[in-house]
Amino acid sequence: MTRDTHATVTQSRRIERLVAGQATSDGAGVKLTRVLTHQLQRRLDPFLMLDAFGSDQADDYIAGFPDHPHRGFETVTYMIAGRMRHRDSAGHEGLLENGGVQWMTAGRGVIHSELPEQEEGLMEGFQLWLNLPARDKMRAPWYRDFKAEELPRFTTAQGVDVTVIAGHSHGIDGAVTRDVTAPLYLDLHLPAGARFEQSLPASHNAFVYVYRGEVDVAGQAVPTQRMGLLANDAQADGVAIEAGGAGARVLLLAGAPLHEPIAQYGPFVMNTQQEIFQALNDHRDGRLGESA
Ligand code: CO
């Protein structure tokens, strides 16, 4: 499907800051880059974390993420290349592969594993943590797998391929929508020199992450493997992203901030320390992954 002239951004947000992310490892030793770190949680509310993983060295990913708990937020895993098997305490199981998305609402708690189903070759993707409003943190867990061909997609007149993982873009509804945080999650494949415009409410926190090539946003270059925080200018009505001469692949994320206290201890993200102690107790006593 082709969409054109739908977005009319008269003034683009500018880049407030470029972020390189931190090399780290998680799970049973999976090497990854934490693009959205703890220090950016308030600035990028409602987003809590973004990890980028990508390697063709099996040692970097083979041990995967064995059984671990989550409570109080949502995890969105987008697999560009490779295969990962997911199993959780709510009885969900799925194979995530080549362009697929897994959206999991941990709510009051799940225990799950995310394990590679390949012993060699490229494994590449992203895991985003999206906060839940206080009132939804103890809701029942929810889970959905989307194969690549199930994700809403469109192509602009300039040839930009857009996958709408969440939210709305150019009249297309994403695979998932959420009321309170209204997350927008787009994967953009821009041919050389192409421009993509997306309207954004001024109050929404937003960023781009460039994972191939380089882009220009309001006169500032964002190189590959960099996050560009988009300033919340009251005058800006969206963002205009222009690909460099080699084309680019970019994640664009935006969401309405919750403005609620964030209390995090590892895989538990609540509003108060008391709720964190409760999560630890529930996990210790085996109540965290129980179905109601
Ligand atoms: Co997990």
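Residues numbered from 1 in each chain as written. Predicted model: local features only at pLDDT ≥ 70, side-chain atom pairs only at ≥ 80, totals over all residues. Heavy atoms only, no water.

**Comments concerning the sheet that holds strand E5 (residues 47-55)**
Then, in step 1: On the basis of which strands lie adjacent, the open sheet formed by 7 strands has the order E3-E4-E5-E12-E7-E10-E13 and antiparallel pairing. Single-partner strands in this sheet number two, and they are strand E3 (22-26) and strand E13 (142-146). Geometrically, the sheet is characterised by an average inter-axis angle of 20° between neighbouring strands, direction not taken into account.
Then, in step 2: By the bridge criterion, 5 bridges tie strand E7 (residues 73-81) to strand E10 (residues 101-105) in an arrangement that is antiparallel. Residue Thr77 lies in a different strand from E10, and its bridge partner there is Gln102. (Pairing = 2+ DSSP bridges. Helix = DSSP H or I, 4+ residues; strand = E, 2+ residues; numbered from the N terminus. Axes fitted to C-alpha atoms, helices over the stretch in contact; angles between N-to-C directions.)

**Things to note about the packing of aromatic side chains**
Then, in step 1: Summed over all chains, the structure comprises 5 aromatic pairs.
Then, in step 2: Ring centres of Phe73 and Trp129 lie 4.4 Å apart, and the angle between their planes is 35°; on these two criteria the pair is classed as tilted. Residue Phe73 is found in strand E7, and its partner Trp129 is found in strand E12 (residues 123-131); the two are separated by 56 residues along the sequence.
Then, in step 3: The class of Trp129 is buried, set by a relative accessible area of 7%.
Then, in step 4: A ring pair is formed by Phe126 and Tyr209, whose centres lie 5.9 Å apart and whose planes are at 75°; its orientation type is edge-to-face. Placement of Phe126 in strand E12 and of Tyr209 in strand E20 (residues 205-217) is noted, with a sequence separation of 83 residues between them.
Then, in step 5: Residue Phe126 is classed as buried on the basis of its relative accessible area, which comes to 2%. (Phe/Tyr/Trp six-rings, centres within 6.5 Å; stacked < 30°, edge-to-face > 60°. Buried < 20%, exposed > 50% of the residue type's maximum accessible area, 1.4 Å probe, protein only.)

**Details of the confidence of the model for the protein chain**
Then, in step 1: Summary statistics for the protein chain give a mean pLDDT of 94 and a share of 97% for residues scoring 70 or more.
Then, in step 2: This model gives residues 1-5 a pLDDT under 50, and the stretch forms 14 contacts once residues within four places in sequence are excluded. (pLDDT = per-residue confidence, 0-100. Contact = heavy atoms within 4.5 Å.)

**Concerning the coordination of the cobalt ion**
Then, in step 1: Distances from the cobalt ion to its protein donors, namely His68 (NE2), His70 (NE2), His112 (NE2) and Glu114 (OE), fall within the range 2.1 to 2.7 Å.
Then, in step 2: For the cobalt ion, the 4 donor atoms in the first shell make angles of 82 to 179° at the metal, so the coordination geometry reads as irregular.
Then, in step 3: His68 gets classed as buried once you look at its relative accessible area, which sits at 18%.
Then, in step 4: Take His112: its relative accessible area is 0%, and that puts it in the buried class. (Donors = N, O, S within 2.8 Å, 3.2 Å for Na, K, Ca; no water. Tetrahedral: all angles 85-135°; square planar, octahedral: opposite > 155°, others 65-115°.)

**A closer look at the layout of surface pockets**
Then, in step 1: Considered as a void within the structure, the largest pocket measures approximately 390 Å³ in volume.
Then, in step 2: If you go around the largest pocket, you meet 26 residues; those closest to its centre are Asp26, Arg34, Met49, Asp51 and Trp129.
Then, in step 3: Of all the secondary-structure elements, those providing two or more residues to the lining of the largest pocket are E3, strand E4 (30-36), E5, strand E6 (65-70) and E12.
Then, in step 4: Among the elements that make up the lining of the largest pocket, the one with the highest residue count is E5 (4 residues).
Then, in step 5: Of the residues belonging to the lining of the largest pocket, the class tally is 9 nonpolar, 13 polar and 4 charged. (1 Å grid on protein atoms, 1.4 Å probe; cavity = no way out; pocket = protein on both sides within 12 Å on 5 of 7 lines; lining within 4 Å. Points joined across faces, edges and corners; volume = space filled by probe spheres on them. Nonpolar A, V, L, I, M, F, W, Y, C, P; charged D, E, K, R; others polar.)

**Section: the domain arrangement of the protein chain**
The parts lose accessible area when they come together, and the size of an interface is often stated as this lost area.
Then, in step 1: When the domains of the protein chain are assigned, the result is domain 1 (21-150 + 262-292) and domain 2 (152-260).
Then, in step 2: The straight-line distance from the C-alpha centre of domain 1 to that of domain 2 is 22 Å.
Then, in step 3: With 33 residues of domain 1 at the contact, the number on the domain 2 side is 32 residues.
Then, in step 4: At the boundary of domain 1 with domain 2, total buried surface from both sides reaches about 2,700 Å², with 66% on carbon and sulfur atoms.
Then, in step 5: Here domain 1 and domain 2 share 2 salt bridges between them.
Then, in step 6: Among the salt bridges present, the one from Arg178 reaches Glu74, with a minimum N-O distance of 3.0 Å.
Then, in step 7: Applying the counting rule to domain 1 against domain 2 returns 14 residue pairs in polar contact (both at pLDDT 80 or more).
Then, in step 8: Of all the elements in the fold, those that place two or more residues in the side of domain 1 that touches domain 2 are E4, E5, E7, E10, E12 and E13.
Then, in step 9: Tallying contributions element by element places E12 first for the side of domain 1 that touches domain 2, with 5 residues. (Domains from an automatic or database assignment. Buried area = accessible area lost by both parts, 1.4 Å probe. Salt bridge = Lys/Arg side-chain N within 4 Å of Asp/Glu carboxyl O. Polar contact = N/O pair within 3.5 Å; in protein donor to acceptor, adjacent residues only side chain to side chain.)

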